[in-house]
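Topology and contacts: notes
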Amino acid sequence: MKNSILLICMITITLLISFLSWHYFGSDAAGILKGKPDAVMNWLPTILRIHIGGGMLAMASGAALKYTSLRSERIAAHRWLGRFYALSILVSGTMGACIAPWSIGGAVTAFGFLSLVGLWWYFTFRSVALAMKGDVVGHRRAASFSLALTYSSLTFRLFLLFPLLTSLPFVPVYQFGSWACWIINLSLVALFLRKKTTTNGATVSVT
Ligand code: HEM
């Protein structure tokens, strides 16, 4: 039951974020592209679109991975989806790292996003490596952290509601959100896994 609710949430978030991001495929003057220096406008919009496309595929395949992980008869599909998910993250993360230096809010935001990319790759490729070694428990833990980072795109956008709905200034909230989105999501998963470990009475390390 809990797993089904989580899966429905993942599908809803994927559709919502994809819908909200769609306008970047229509115009070079959409959203964050408006404020970028002219010198980068000959390449940055294309890189941003590849980043967004990869992010959408990572979210969609992440939800499909959750679905197939609940059904042992779908293990072959789970393996192929896992490869596709890791590839989407490699592409989207690389493109995200390329555009991070031109983020709104300068160095603070850029380092927030670059840390996110590094952790995104680390947990994703660790989960693949552990699956290949046959360490199912370790694989599940690393995959949970990877998915939490994929879905930090929602947490980040929730922060952006504050300047929209209140008189808080946009740039400091954007800078704060670029760090807080992944710190919050990783902490929530770490807490959840710790609680689960305590409940099951097992002793397994967090990473
Ligand atoms: C989890 C790792 C991610 C990192 C490190 C990352 C990094 C970035 C960076 C550096 C920017 C440019 C920000 C700026 O110029 O101010 C950006 C923008 C954007 N990213 Fe990501 N991103 C990630 C995940 C995703 C995912 C999963 C999606 C889902 C579709 C996504 C969709 C977008 C969109 C739509 C924008 C344009 C700005 C906006 O409308 O908020 N990103 N991202």
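Please refer to the structure placed before this passage.
To keep things clear, this report deals only with the structure shown in the data block. Just so we're clear, the structure is a prediction, and the values are computed from it rather than from any experiment.

By nearness alone, 25 residues border the ligand, and Ser21, Gly55, Gly96, Ser103 and Ser153 come closest of all. Elements with a minimum of two residues in the shell around the ligand: helix H1 (2-21), helix H2 (44-69), helix H3 (75-99), helix H4 (106-133), helix H5 (136-150) and helix H6 (152-165). The element that contributes the greatest number of residues to the shell around the ligand is H2, accounting for 6 residues. The class makeup of the residues in the shell around the ligand is 16 nonpolar, 9 polar and no charged.

Moving on: the packing of H1 against H2. At their nearest, the axes of H1 and H2 sit 9 Å apart, and the two run at 165° to each other. In terms of orientation, H1 and H2 fall into the roughly antiparallel class. Both H1 and H2 take part in a crossing whose hand is left-handed. Here Leu6, Leu7, Met10, Ile11, Thr14, Ile17, Ser18 and Ser21 of H1 come into contact with H2, specifically with Ile52, Met56, Met59, Ala60, Gly62, Ala63, Lys66 and Tyr67. Residue classes in the contact of H1 with H2 are distributed as 11 nonpolar, 4 polar and 1 charged.

A few words now on the environment of Ser61. Tracing the chain through its elements places Ser61 in helix H2. Beyond its immediate chain neighbours, meaning those up to four positions away, Ser61 contacts Leu81, Phe84, Tyr85 and Ser88.

Between H4 and helix H7 (residues 170-200), the shortest axis-to-axis distance is 8 Å and the interhelical angle comes to 20°. In terms of orientation, H4 lies roughly parallel with respect to H7. In the crossing of H4 with H7, the sense of the turn from one axis to the other is left-handed. Here Val108, Thr109, Gly112, Phe113, Leu116 and Leu119 of H4 come into contact with H7, specifically with Tyr174, Gln175, Ser178, Trp179 and Trp182. Residues that form the contact of H4 with H7 fall into these classes: 7 nonpolar, 4 polar and no charged.

With 31 residues, H7 should cover 45 Å at 1.5 Å per step; its first-to-last C-alpha distance of 44 Å lies within 8% of that length. Listing the buried residues of H7 in full gives Tyr174, Gln175, Gly177, Ser178, Cys181, Trp182, Asn185 and Val189.

Procedures and definitions
- Residues numbered from 1 in each chain as written.
- Predicted model: local features only at pLDDT ≥ 70, side-chain atom pairs only at ≥ 80, totals over all residues.
- Near = placed C-beta within 6 Å.
- Helix = DSSP H or I, 4+ residues; strand = E, 2+ residues; numbered from the N terminus.
- Nonpolar A, V, L, I, M, F, W, Y, C, P; charged D, E, K, R; others polar.
- Axes fitted to C-alpha atoms, helices over the stretch in contact; angles between N-to-C directions.
- Parallel < 35°, antiparallel > 145°, perpendicular 65-115°, else oblique.
- Left-handed = near helix turned anticlockwise from the far one by under 90°.
- Contact = placed C-beta atoms within 7 Å.
- Expected span 1.5 Å × (residues − 1).
- Buried ≥ 20, exposed ≤ 12 C-beta atoms within 10 Å, placed from the backbone.

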